[in-house]
Each structure stands twice: as structure tokens, then as C-alpha cells.
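# Examining the three-dimensional arrangement
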Amino acid sequence: MRDLKHLQYFEDLLQNANNDLVKKARADGKVCAAFVCENTPEPLFNLGNCFGVRLFAPNTGSMDVATYYMTSFLCETTRALLERAIEGGFNFADCVIAPDGCTMINRCIENMELLKAVESGSDRFFYEHMELPFKADENGVRLMEVQCRNHILTPLSEVYGIDVSDRAIRDAVREHNEICDLVNRIGDLRKDRRPRITGYEYAVLVLSTYVCPKYLLKDRLSETLEELKEREPDDREARARLVVTGSEMDDPEFIRLIEECGAFVCADRYCFGSLPGRKRIAMNEDEDALTQVCRHYTYECQCPRQMNMEKFYGRKAYINEIAKEYLADGVIYDQVKFCDPWAYERLSGSTALREEYGYPVLSVDRPYNIRSSSGQMRTRVQAFIESIEIKKLREGKAGTGGKA
Ligand code: SF4
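Residues numbered from 1 in each chain as written. Predicted model: local features only at pLDDT ≥ 70, side-chain atom pairs only at ≥ 80, totals over all residues. Heavy atoms only, no water.

## Topic: the overall build of the chain
Of the regular secondary structure elements, the chain holds 14 helices and 8 strands. With respect to the three principal axes, the spread of C-alpha positions in the chain is 65 × 45 × 40 Å. Counting the 404 residues in the chain, one finds 60% classified as buried. Across the chain, contacts joining residues at least 24 apart in sequence account for 75% of those joining residues at least 6 apart. If you sum the accessible surface of the chain, you get close to 16100 Å²; carbon and sulfur atoms cover 50% of it. Averaging the coordinates of the 55 positive side-chain charges in the chain and doing the same for the 66 negative ones gives two points 4 Å apart. (Helix = DSSP H or I, 4+ residues; strand = E, 2+ residues; numbered from the N terminus. Buried < 20%, exposed > 50% of the residue type's maximum accessible area, 1.4 Å probe, protein only. Contact = heavy atoms within 4.5 Å. Areas by Shrake-Rupley, 256 points an atom, 1.4 Å probe, with all protein chains shown as cover. Lys, Arg positive; Asp, Glu negative; His and termini not counted. Charge placed at Lys NZ, Arg CZ, Asp CG, Glu CD.)

Below, the structure is given as C-alpha cells:
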């Protein structure tokens, strides 16, 4: 397919957490609120004169210093984030707000705070630690509300004078939904048998909406959508259409590796992905905005942190729905090395998707930076794709891979 006009632009933005758009927004006099988890309501970081970015550590090499403080048994994501913070890679942030998404992210941010690793040079810099619900129910919504008020809205308002009114939240949700609509319209193109966008290109676009100020992304995302409508798809279908699901994944090179093996990544149900990370937030005028935002994040969450059985079984059913909607032949369950929540979810999920829903499943754990062991992963993905092709030949049919 013809190269996308802005792909290089978006790829360049992902080479550094302190990217050109973050620098531009700060030069515009905006306050930068950094967060680390998909369960924290993103619009609450984009209120008034504030913009939110999710921290990531692109092109991570050594994690030795972070491993000294956190041991080698903690997930590579948290060690990469701490290492990058110690290197000064997050000194653009005016605050870091972190939930107890898991014990490892707790340890990571506590170490950042104890080591004074993120210092924007402003004496107003602050860290906030908040709780998240373990269950998706109305009690959970109320807990999320109290936590967001105490650890996001109040400190942003008191320290930086950010407008945290109901109106400001509604404006931020409107902007958030504009980005979600653009991303979802581009993402729907993946439902075609011969899609006009690759899974890698889509991963690059989606990731940029997490790590850049949203108001500076709209134009190029809109242009890309218009360009895609005219783009000629490849003649041939991919050897296999795959859903990738799993833990924190902010390295599009992992998606590129899978697609270089001949597959098409048709859906991204992972932390930092678009499903459900870029689902638009439904709002009404009857209830206050904060409650509605908290309800969305409590009920839409697909993180294994949530332990009520409706969610435990619901996460597998959700992947089955996605696989059907995007005509997937198989599922890749992936987990960052030593990620606890996804260690058990990967096991229960890959078993359920294989045995109950009948999909071919590849279950892998991977390093934070895939380039550090791409050879092994490539071999496993190639073997997986071949097994799907053989299955399709035997059954004389193409996707979906699951039970009818
Ligand atoms: S990747 Fe897993 S262990 Fe690491 S911070 Fe995320 S949920 Fe926690």
C-alpha cells in the first residue's frame, strides 16, 4: 500500500516521551499532568489549561538502575518507567498521578517519589497516589469518584488553578470523544477483508493519542482518515487475521513483528489500545459529569485488576465479540514479563478462548522492548500462523476462527 503521508510524523512523536507536541503544549503555557494507567479517567487530565500524557519509555535499553531499586522480579514496564525517570526523561511533567493499578506500578511511582526522580524544576511539582475499585459496580463508581476528586481534581485546582468544574469536565469529554471518533473510524477499516490500514500503522496512531496533547493531534488524524478513504488496499489477504490482547503494550514494533510474519493484527484489546481504551464516553445532562466519567471507566475497564466474576468471564466474552466483529482467525495473548495481573489472566483467558470459544491461541510473555528478543518471538508467531493456515485448509474456510 502507498505510504501514509503522516506516518513518519506520528512515528517520530513516539521516539521520546518528551516529544515535540508535549514541548509545544508546555510552550503554550499548559500544565502537564502525567498518568500511568488506562483505568484512570483520561479526560480529567485534560481540563482547562492542563493536558494529560501517559508515561512510556520508548527505545528502552538497560534497566539496571531501576532493577537495583525494584529487583528483577517486577514487570519490565515499571522498571523501564523508573529507569527513564531516573535518566530525567519525564522532567516535562508538572505532576504524576498514579492509581494502585497493581502493586508494581505502586512500587514504581513510590520509588520515583522517594528518589525525587521526576523534577520539572517547579516547586509546585506533586505526586498523587489514588485507589481504584476492584469490582465494577455502583460502589466502585462512588469510590472512583471520591478518589478522582481527592487525587486529581482538588490538587490540580489548588496547585495549578486548573478549572475542574462540571462544564470543564464536559468540554474535556467532548474533546476526548472527538479523538475517539476519529480513531474508531480509522479502526473500523480493519474490519475489511483487505484493509486499507495495517495493524502497525493503527498502533502508532492510537499510541500517539495517549502520549501527546490531544488538541494538537486532531488535524493530522483527520487528514489521515481522509487519506485512508482513498488508499488502495493490498491485493492479497493476510495469511491470518489476529486479535492481540494483553497487558501494557506501548511498543508498536511488537505489532510490526507479527505482521512481518504475514498476519494482520485486526484488533487491539490491550492496555494502551483502542478497545475499549478509545470507546467514546456517553454523557447526559441529567447527572453530574464526574460521576458519568467514573462510571464509564469503572464498567468499561477490561483490566484483570477487576475481580468480580461478571468481569472475569466478561473479559473473555469481550474478546470473542471483538474477534467476530473483526473477522479474526486467532488470538495472541501477550503479557509483559513479570506482569502479575496478566499472568493469571493470560492463563485463564487463553484456556477459555481456545477451549470454550474454539480459537487458535498463542500465549506469550514478552520483554518491554521487543527488539531485545525479537528472534524467538518471530519463530513462535510464524509457527502459530502456519498452524492457522493448516486449520483453515483442513476446514476449507477463512475466519472467523471461533466456534459458530
Ligand atoms: S504491566 Fe502489569 S504488572 Fe506492569 S504495571 Fe501494568 S498491570 Fe502492573
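Following the structure, the description resumes.
## Focus on the sheet that holds strand S2 (residues 50-54)
With parallel pairing, the 4 strands of this open sheet are ordered in space as S2-S1-S3-S4. Each having just a single partner strand, S2 and strand S4 (126-130) make up the two edges of the open sheet. Pairs of neighbouring strands in the sheet enclose a mean axial angle of 25°, with direction left out of account. The pairing of strand S1 (residues 31-35) with S2 spans 5 bridges and is classified as parallel. Counterpart to alanine 34 in the pairing with S2 is valine 53. (Pairing = 2+ DSSP bridges. Axes fitted to C-alpha atoms, helices over the stretch in contact; angles between N-to-C directions.)

## As for the layout of surface pockets
Which parts of space are left empty comes out when a probe the size of a water molecule is rolled across the atoms. Considered as a void within the structure, the largest pocket measures approximately 480 Å³ in volume. Around the largest pocket, the lining comprises 23 residues; the ones closest to its centre are Met1, Thr198, Asp234, Glu259 and Phe264. When residues of the lining of the largest pocket are assigned to their parent elements, the largest contribution, 3 residues, is made by helix H10 (residues 252-260). Grouping the constituent residues of the lining of the largest pocket by class yields 8 nonpolar, 2 polar and 13 charged. (1 Å grid on protein atoms, 1.4 Å probe; cavity = no way out; pocket = protein on both sides within 12 Å on 5 of 7 lines; lining within 4 Å. Points joined across faces, edges and corners; volume = space filled by probe spheres on them. Nonpolar A, V, L, I, M, F, W, Y, C, P; charged D, E, K, R; others polar.)

## Notes on the sheet that holds strand S5 (residues 240-246)
Ordered by their spatial adjacency, 4 strands build an open sheet running S6-S5-S7-S8, and the pairing between neighbours is parallel. Either end of the sheet is taken by a strand with one partner, and the two such strands are strand S6 (263-270) and strand S8 (361-366). On average, adjacent strands in this sheet sit at an angle of 25° to one another, irrespective of strand direction. As paired strands, S5 and S6 are joined by 7 bridges and run parallel to one another. Bridging from a neighbouring strand, arginine 241 pairs with phenylalanine 264 of S6. Seen against the sheet, helix H13 (residues 340-355) touches S5, S6, strand S7 (330-336) and S8 and runs at an angle of roughly 170° to S7.

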